[in-house]
Amino acid sequence: QVRLVESGGGLVQAGGSLRLSCAASLSLFRIYTMGWFRQAPGQQRELVASITGPGATDYLNSVEGRFTISRDNQNNTVSLQMNSLKVEDTGLYYCAAKSAWNDDWPSWGQGTQVTVSS
């Protein structure tokens, strides 16, 4: 019964900003680690950012300082603020959830496309 729905993707010029949101239908949302992944055509899916239930964050090195992940446990949402976007940030962005005690990410949204133009 877990559902994750992303929104906020679109086309933006390099240097611009986008804010992605993920609405989670997930019991006890506050205890789960949430993450944003992205995948470009022909590339492996990579973890862009994660945030634990208590709020500890981690970022892919290439986005650190430009992207910020946050969560609103009252509204069961997680967001990814993306600033100073680069062409190489282009990809399909997915919201995902996992338990803090597991390495696997069993729950995924459908994805939202982010395209950065030069």
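Remember, predicted model here, so these are calculated numbers, not experimental data. (Residues numbered from 1 in each chain as written. Predicted model: local features only at pLDDT ≥ 70, side-chain atom pairs only at ≥ 80, totals over all residues. Heavy atoms only, no water.)

Asks: I'd like a rundown of the side chain of Thr112, residues and numbers included.
Replies: For Thr112, the position within the fold is in strand β11 (residues 112–117). At 3.1 Å, the side chain of Thr112 forms a polar contact with the backbone nitrogen of Gly9. In this structure, Thr112 is in contact with Glu6, Ser7, Gly8, Gly9, Leu20, Gly91, Leu92 and Tyr93, ignoring residues within four places of it in sequence. (Helix = DSSP H or I, 4+ residues; strand = E, 2+ residues; numbered from the N terminus. Polar contact = N/O pair within 3.5 Å; in protein donor to acceptor, adjacent residues only side chain to side chain. Contact = heavy atoms within 4.5 Å.)

Asks: Lay out the pairing of strand β1 (residues 3–7) in plain terms, naming residues and giving numbers.
Replies: Of the two faces of β1, only the one carrying Leu4 and Glu6 is buried; Arg3, Val5 and Ser7 on the other face are not. Two strands pair when backbone bridges link them, and β1 and strand β3 (residues 18–25) are joined in this way by five bridges, in the antiparallel orientation. Across the sheet, Arg3 pairs through a bridge with Ser25, a residue of β3. (Buried < 20%, exposed > 50% of the residue type's maximum accessible area, 1.4 Å probe, protein only. Pairing = 2+ DSSP bridges.)

Asks: Describe unusual backbone geometry, listing the residues and the values that go with them.
Replies: The phi dihedral of Asn76 is positive, around 55°, even though this residue is not glycine. Note on placement: Asn76 falls in the loop between β7 (67–72) and β8 (77–82). Despite not being glycine, Ser84 has its phi angle at roughly 50°, a positive value. Following the sequence through the fold, Ser84 ends up in the loop between β8 and β9 (91–98).

Asks: How would you summarise the pattern of salt bridges if you had to cite specific residues and measurements?
Replies: In this structure the tally under the stated criterion is three salt bridges. Of the charged contacts, one joins Arg38 and Glu46 as a salt bridge, the two residues approaching to 2.9 Å between their closest N and O atoms. Glu46 sits in the partly exposed class, given a relative accessible area of 30%. Asp89 is the partner of Arg66 in a salt bridge, and the nearest nitrogen-oxygen pair spans 2.8 Å. Here Arg66, found in the loop between β6 (57–59) and β7, pairs with Asp89, found in the loop between β8 and β9; they are 23 residues apart in sequence, far enough to count as distant. Overlapping salt bridges bring together Arg38, Glu46, Arg66 and Asp89 as one network. (Salt bridge = Lys/Arg side-chain N within 4 Å of Asp/Glu carboxyl O.)

Asks: Summarise the packing of aromatic side chains; cite the residues concerned and give the values.
Replies: Under the counting rule described, the total for this entry stands at three aromatic pairs. Where Phe37 meets Trp105, the ring centres are 5.1 Å apart and the plane angle is 85°; that geometry is what we call edge-to-face. Residue Phe37 is located in strand β4 (residues 33–39), and its partner Trp105 is located in the loop between β9 and β10 (107–108); the two are separated by 68 residues in the primary sequence. Overall, Phe37 belongs to the buried group, its relative accessible area being 8%. Aromatic side chains Tyr94 and Trp108 sit 6.1 Å apart centroid to centroid with 85° between the ring planes, which places their arrangement in the edge-to-face category. Of the two residues, Tyr94 sits in strand β9 while Trp108 sits in strand β10, which places them 14 residues apart along the sequence. On the accessibility criterion, Tyr94 (11% relative accessible area) is buried. (Phe/Tyr/Trp six-rings, centres within 6.5 Å; stacked < 30°, edge-to-face > 60°.)

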